[in-house]
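Chain by chain, the residues run as shown.
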Amino acid sequence: MKKLVIAAFTAMAFCTAVSAQQICAHRGFWKSKEAMGAENSLASLNAAGRIGVEASEFDVHITSDDVIIVNHDDAIAGLEIHDNAYNGFARMYLPNGEHPATLGAYLAEAEKYPELLLVFEIKKQKTRERSNLLQDMAITMLRAHGLLEPSRVIFISFDYEACKRVASLLPGFTVQYLQGDKSPAEVFADGINGIDYHFSFYRRNPQWVEEAHALGMSVNVYTVDNEQDIQDMIDLGVDCITTNEPLKVRALIEKNRR
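Residues numbered from 1 in each chain as written. Predicted model: local features only at pLDDT ≥ 70, side-chain atom pairs only at ≥ 80, totals over all residues. Heavy atoms only, no water.

### What to know about the environment of Thr102
Note the following rule: Helical segments are the DSSP runs of H or I of at least four residues, strand segments are the runs of E of at least two, and each set is numbered from the N terminus. In this description, contact between two residues means that some pair of their heavy atoms is separated by no more than 4.5 Å.
Inspection of the secondary structure assignment puts Thr102 in the loop between α3 (87–90) and α4 (103–110). C-alpha of Thr102 to C-alpha of Gln231: the two residues are 129 residues apart in sequence and 36 Å apart in space. Setting aside residues up to four positions removed in sequence, Thr102 forms contacts with Val67, Ile68, Ile69, Val70 and Tyr86.

Structure representation (structure tokens):
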């Protein structure tokens, strides 16, 4: 119960600190000129920092020899991350000429942007043991880079057990569940203090935003690129909009402020 109270207080502080919706660049601002379409790249992270969005999202997997790679899919160029050693990926190239980033390299780059919140997605792994190792290594690396602070990183995942474990390991940090198959009350009862659902789930359950806020939970939404969808989420009162079009979202938020 004590952990629930701490988590609720922290999430409420996260929510009430927001005077208007925040913007999260989905996999970094990969549509920028410098990123050249390379999602989850160092260039996309830098571009997100350069344009001054509040947050930037990225995804991680762990290789068979225990190196954490920043990448969305389970495989790169058909090579499964979970089943192969890092050296097989170190020689690959992203569309902008970068190699797939290790988490260490990514966090070193993130240190350059002290105002940028990292939205750290823990991807589902093949076993619970491998997922736990990824979580433990990530926490250690965030601490080593001076980024293990509630103001610098939040955690998201479709893996409900990973959300529960991280919330337990890191009381006071924002952890958000992604799947959309549980009500805010169900998520909160398991010690998780936030939800980050696809906008379609909020369309079907608009009351969830108010219910989550009443519990002191943070409410994010993904991945919102269409102008009408963006406006609908602004009107609904979500805390943060994750998007591939951060400049479009910023323009609409500013328009709504007038």
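### Quick look at the packing of α4 against helix α5 (residues 128–144)
Put simply, the rule is: Axis definition: a line fit to C-alpha positions, over the contact stretch in the case of helices; interaxial angles, taken between N-to-C directions, run 0 to 180 degrees. Helix crossings are classified by the rotation of the near helix relative to the far one: an anticlockwise turn of less than a right angle makes the crossing left-handed, while a clockwise turn makes it right-handed. Gly is put with the polar residues, along with every residue not named as nonpolar or charged; the nonpolar set is Ala, Val, Leu, Ile, Met, Phe, Trp, Tyr, Cys and Pro, and the charged set is Asp, Glu, Lys and Arg.
Where α4 contacts α5, the two axes come as close as 10 Å, and the packing angle between them is 35 degrees. As α4 runs across α5, the sense of the crossing is right-handed. For the pair α4 and α5, contact is made by Leu103, Gly104 and Leu107 and by Ala138, Met141 and Leu142, respectively. Here the contact of α4 with α5 is built from residues that sort into five nonpolar, one polar and no charged.

### A closer look at the packing of aromatic side chains
To be explicit about the condition: Each Phe, Tyr or Trp ring, with Trp reduced to its six-membered ring, pairs with another whose centre is within 6.5 Å; inter-plane angles below 30 degrees give stacked pairs, above 60 give edge-to-face pairs, and intermediate values give tilted ones. A ring is scored as having a charge over it whenever the NZ atom of a lysine or the CZ atom of an arginine sits within 6 Å of its centre and within 35 degrees of its normal.
Under the defined criterion, the tally for this structure stands at ten aromatic pairs. Of note, Lys182 hangs over the ring of Tyr160, and the distance from its end group to the ring centre comes to 4.7 Å. Over the face of the ring belonging to Phe201 we find Arg204, whose NZ or CZ atom lies 4.7 Å from the ring centre.

### A word on the pattern of salt bridges
To be explicit about the condition: Any carboxyl oxygen of Asp or Glu that lies within 4 Å of a side-chain nitrogen of Lys or Arg is treated as forming a salt bridge with it. Exposed residues in this analysis have more than 50% of their type's maximum accessible area, buried residues have under 20%, and partly exposed residues fall in between, with area computed by a 1.4 Å probe over protein chains only.
Inspection of the entire model under this criterion finds twelve salt bridges. Note that Glu245 and Lys31 form a salt bridge whose closest N and O atoms lie 2.5 Å from each other. Placement of Glu245 in the loop between β11 (240–243) and α11 (246–257) and of Lys31 in the loop between β1 (22–25) and α2 (42–51) is noted, with a sequence separation of 214 residues between them. Glu245 sits in the partly exposed class, given a relative accessible area of 24%.

### A few points about helix α10 (residues 227–236)
Applicable threshold: In the analysis that follows, any N or O atom pair within 3.5 Å is treated as a polar contact, provided that within protein one partner can donate a hydrogen and the other can accept it, and provided that, for residues neighboring in sequence, both atoms belong to side chains.
Buried residues of α10: Asp229, Ile230, Gln231, Met233 and Ile234, and no others. Check the buried side of α10 and you find it contacts α8 (199–204), β10 (218–222), β11 and α11. Where α10 begins, one side-chain oxygen reaches toward the backbone nitrogen of Gln228, 2.9 Å away; that side chain belongs to Asn226. Within two residues after α10, Gly237 carries a phi angle of roughly 90 degrees, on the positive side.

### A few points about the pairing of β10
How we decide: A pair of strands is labelled paired if DSSP reports no fewer than 2 bridges between them.
Among the five residues in β10, five count as buried, and that is most of the element. Of the two faces of β10, the one lined by Ser218, Asn220 and Tyr222 and the one lined by Val219 and Val221 are each fully buried. Two elements, strand β9 (residues 194–198) and β10, share five bridges in a ladder whose sense is parallel. What sits directly across from His198, in β10, is Tyr222. As paired strands, β10 and β11 are joined by two bridges and run parallel to one another. Paired with Val221 across the two strands is Ile241, which belongs to β11.

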